[in-house]
Amino acid sequence: MKVHPITDHIYALHADIRSDDLFEGIWPIPYGVSLNSYLVKGEKIALLDLVRDWVGAPVELKNQLASVGVALEDIDYVILNHLEPDHTGWLGEFLKINQKALVLATAKGVELVKNFYFEHERVRVVKDGETLDLGSGQVLKFFETPNVHWPETMMTWSESGGVLFSCDGFGAFGALGERVFDDEISEDEHDFFEAESLRYYANIIASFGTFVKRAIDKLSALPIKVVAPSHGIIWRAHPETIIQRYLRYAGYLEGKREKEIAIVWGSMYGNTERGLKHVIEGIEEEKVSYTIHRVPNENVSFVLADVYKSEGVVIAMPTYEYKMFPPMAYVLDIFERKHVVQRKVLRIGSYGWVGGAKKEYEAKMAALKWDSLESVEWAGAPTQEIAEILRERGRELARRVKGA
Ligand code: FEO
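The residue count restarts for each chain, going from 1 along the sequence in the order it is written. Local features in this predicted model are restricted to residues whose pLDDT is 70 or higher, and side-chain atom pairs enter the listing and the counts only when it is 80 or higher, whereas totals over whole chains, interfaces and linings include all residues. The side-chain quantities take in all heavy atoms of the structure and omit both hydrogens and water.

Thoughts on the overall build of the protein
Within the protein, the regular secondary structure consists of 12 helices and 20 strands. Projecting the C-alpha coordinates of the protein onto the three principal axes gives extents of approximately 80 × 35 × 35 Å. Think of it in three bands: with a 1.4 Å probe and only protein chains considered, a residue is buried below 20% of the maximum accessible area for its type, exposed above 50%, and partly exposed in between. A buried classification covers 58% of the 404 residues belonging to the protein. Here the protein displays about 16,500 Å² of accessible surface, and carbon together with sulfur accounts for 51% of that area. Only runs of H or I of at least four residues qualify as helices and only runs of E of at least two qualify as strands under DSSP, and these elements are numbered from the N terminus. Each accessible area is a Shrake-Rupley result for a 1.4 Å probe, and residues are judged covered by the shown protein chains and nothing else.

Quick word on the packing of helix H9 (residues 300-309) against helix H10 (residues 326-337)
With axes taken as lines fitted to C-alpha atoms, and helix axes fitted only over the stretch in contact, angles between N-to-C directions fall between 0 and 180 degrees. In the contact formed by H9 and H10, the axes pass within 11 Å of each other and the chain directions differ by 55 degrees. By the angle class used here, H9 and H10 are oblique. For H9 against H10, the interelement crossing comes out right-handed. When H9 is examined against H10, the residues Val-300, Val-303, Leu-304 and Val-307 are found in contact with a partner set consisting of Tyr-330, Val-331, Ile-334 and Phe-335. Just so you know the grouping, Ala, Val, Leu, Ile, Met, Phe, Trp, Tyr, Cys and Pro go in nonpolar, Asp, Glu, Lys and Arg go in charged, and all remaining residues, Gly too, go in polar. Its residues assigned to classes, the contact of H9 with H10 comprises eight nonpolar, no polar and no charged. Convention used here: angles under 35 degrees read as roughly parallel, angles over 145 as roughly antiparallel, angles from 65 to 115 as roughly perpendicular, and any remaining angle as oblique. In a left-handed crossing the near helix is turned counterclockwise from the far helix by less than a right angle, and in a right-handed crossing that turn is clockwise. Any two residues having at least one pair of non-hydrogen atoms within 4.5 Å are treated as being in contact.

Focus on a nonpolar patch on the surface
A cluster of nonpolar side chains, namely Met-268, Tyr-269 and Tyr-320, defines an oily patch on the protein surface of about 340 Å² accessible area. The residue Tyr-269 is located in the loop between strand E13 (258-265) and helix H8 (271-285) in this model. The exposure class assigned to Tyr-269 is exposed, which follows from its relative accessible area of 69%. Patch building starts from residues that exceed 30% relative accessible area and form no salt bridge, then joins like charges within 9 Å and nonpolar side chains (Val, Leu, Ile, Met, Phe, Trp, Tyr) within 5 Å. Salt bridges are defined by distance alone: a side-chain nitrogen of Lys or Arg within 4 Å of a carboxyl oxygen of Asp or Glu.

Let's talk about the packing of aromatic side chains
Within 6.5 Å between ring centres, the rings of Phe, Tyr and Trp (the latter by its six-membered ring) count as paired, and their orientation is classed by plane angle as stacked under 30 degrees, edge-to-face over 60, tilted in between. Taken as a whole and assessed by the stated rule, the structure comprises 17 aromatic pairs. Ring centres 6.3 Å apart and planes at 40 degrees place the aromatic pair Phe-23 and Trp-54 in the tilted group. Here Phe-23 is found in the loop between strand E2 (10-17) and strand E3 (33-41), whereas its partner Trp-54 is found in the loop between strand E4 (45-48) and helix H1 (57-67), with 31 residues between them in sequence. Comparing Phe-23 with Trp-54, the two get one shared label, buried. A connected cluster of aromatic rings, assembled from ring pairs, spans Phe-170, Tyr-201, Tyr-246, Tyr-249, Tyr-252 and Tyr-308. One cation-aromatic arrangement involves Arg-236 over Phe-181; the distance from NZ or CZ to the ring centre is 3.8 Å. We call a charge positioned over a ring when the NZ of a Lys or the CZ of an Arg lies within 6 Å of the ring centre and within 35 degrees of the ring normal.

Observations concerning the side chain of Asn-98
You can see Asn-98 is positioned in the loop between helix H3 (91-97) and strand E6 (102-105). On the basis of relative accessible area, Asn-98 is assigned to the buried category, the value being 0%. Counting of polar contacts relies on pairs of N or O atoms within 3.5 Å, with two restrictions inside protein: one atom must be capable of donating a hydrogen and the other of accepting it, and residues adjacent in sequence are counted only when both atoms are side-chain atoms. There is a polar contact of 2.9 Å between the side chain of Asn-98 and the backbone oxygen of Ile-75. Residues within four places of Asn-98 in sequence aside, it is in contact with Leu-72, Glu-73, Asp-74, Ile-75 and Arg-122.

A closer look at the sheet that holds E3
As summarised here, the arrangement of the seven strands in space is E1-E2-E3-E4-E5-E6-E7, forming an open sheet in which the pairing is mixed. The sheet is open, and its two edges are formed by strand E1 (4-5) and strand E7 (123-125), each paired on a single side. For two strands to pair, DSSP has to find at least two bridges joining them. Of the pairings in the sheet, the one linking E6 to E7 comprises three bridges and is parallel in character. In the strand pairing of E7, Leu-104 is matched with Arg-124. Of the strands in this sheet, E2, E3 and E4 touch H1, which is tilted by about 155 degrees from E2.

Quick word on the domain arrangement of the protein
Interfaces are often sized by the accessible area lost when the parts come together. Domain delimitation in this document rests on an assignment produced automatically or drawn from a domain database. Along its sequence, the protein is organised into domain 1 (4-252) and domain 2 (258-399). Domain 1 and domain 2 are separated by 38 Å when their C-alpha centres are compared. The interface of domain 1 with domain 2 comprises 15 residues on the first partner and 14 residues on the second. For the pair domain 1 and domain 2, the summed buried area comes to about 1,300 Å², and 63% of that belongs to carbon and sulfur atoms. Two parts lose some accessible area (1.4 Å probe) when they are put together, and adding that loss for both gives the buried area.

Looking at unusual backbone geometry
The amide bond that connects Val-295 to the next residue, Pro-296, takes the cis arrangement and shows omega of 5 degrees. For Pro-296, the location among the structural elements is in the loop between strand E14 (290-294) and H9. Phi at Lys-287 takes a positive value of approximately 55 degrees, unusual for a residue other than glycine. Residue Lys-287 is classed as exposed on the basis of its relative accessible area, which comes to 72%. A positive phi angle, close to 60 degrees, is found at His-339, a residue other than glycine. Mapped onto the secondary structure, His-339 falls in the loop between H10 and strand E18 (344-351).

Let's talk about the pattern of salt bridges
This structure, assessed with the given rule, holds 34 salt bridges. Across the salt bridge formed by Asp-371 and Arg-400, the nearest N and O atoms sit 4.0 Å from each other. Here Asp-371, found in strand E19 (residues 371-372), pairs with Arg-400, found in helix H12 (residues 384-402); they are 29 residues apart in sequence, far enough to count as distant. A salt bridge links Arg-399 to Glu-392, with the nearest nitrogen and oxygen atoms 2.8 Å apart. Taken together, the salt bridges that share partners define one network made up of Glu-281, Glu-285, Glu-286, Glu-388, Arg-391, Glu-392, Arg-395, Arg-399 and Lys-402.

Encoded structure:
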């Protein structure tokens, strides 16, 4: 990978991670993910955000620094906007190689440096609004932006470059290759990264929408020319695009969702699937767009992205040993953890001997504060009568979504 200059003094470095390993040990990255770091060269040299030792990322970082004449030993400051180990996992090794660098983080970040990496001496707290003068006109300013994505998070601002180093904020899944700026990629690639930014947001940031809005409010007076996150595209042509996108995502938590329906289904022998077809007919009659995911065949990471943005949800699952279909129980648990609350929902499903999913499902609905239409359960295969009820419920859900 090449180094990409952002200004005469600021450079973007990145390692593309392509691995079957899961991000955070949970989320698949079939299209990879980038770990972006940034170099700011004044008379002193600062490196913003590190990498973890993952698929050769430290070697990539070292080689890219060398390509602009900087050895690891030359770095004076390591600025850690966020302490999650995807950005800091290699810190201990780095500090062994470099004997002089000072680590800068928020007060909460410094505690994590001590706890994760046992570094107590070469670490200093930076306060909200504090500046660091690197010389040659390169002044960095620190803004605490808690919970984007952990409590210790901050963002760093380069006044001279108009660059906001936002770490997880404004990030996306997806490897970058050699083109890293928003004006270097095609419309199709933008569509791809939009999907991967929604999935990233829904998987990683979703629980913290209120804090995303707070951070954007706090930084709104800055004349931002470049948004430089530590995952995904660097936005220099249209930084407002990713800021507005993140505001839209944060709005999903508050009810400003897409008038779409996310269908999540599982079926043991095809009877729930047969019933679902009639619900879909009803939705299509009302011309409401929908996405559809089968569980457990599709990973919850992708399911979560579509459910997160949608006002309406269909949960189609059979009863399994008197309770919910286990893969769906897992998905609903993830929805609860990610605050996917207050959707308009229809549940349908087939059972063999006796129902039972209903009771467990309703307990889950209460936790999610979902507004449920009357569920439809049937024994065995759906009859003509059940088919008509399912079609009407599909229409009704679609009408409610349109009216939201
Ligand atoms: Fe990219 Fe929350 O770490």
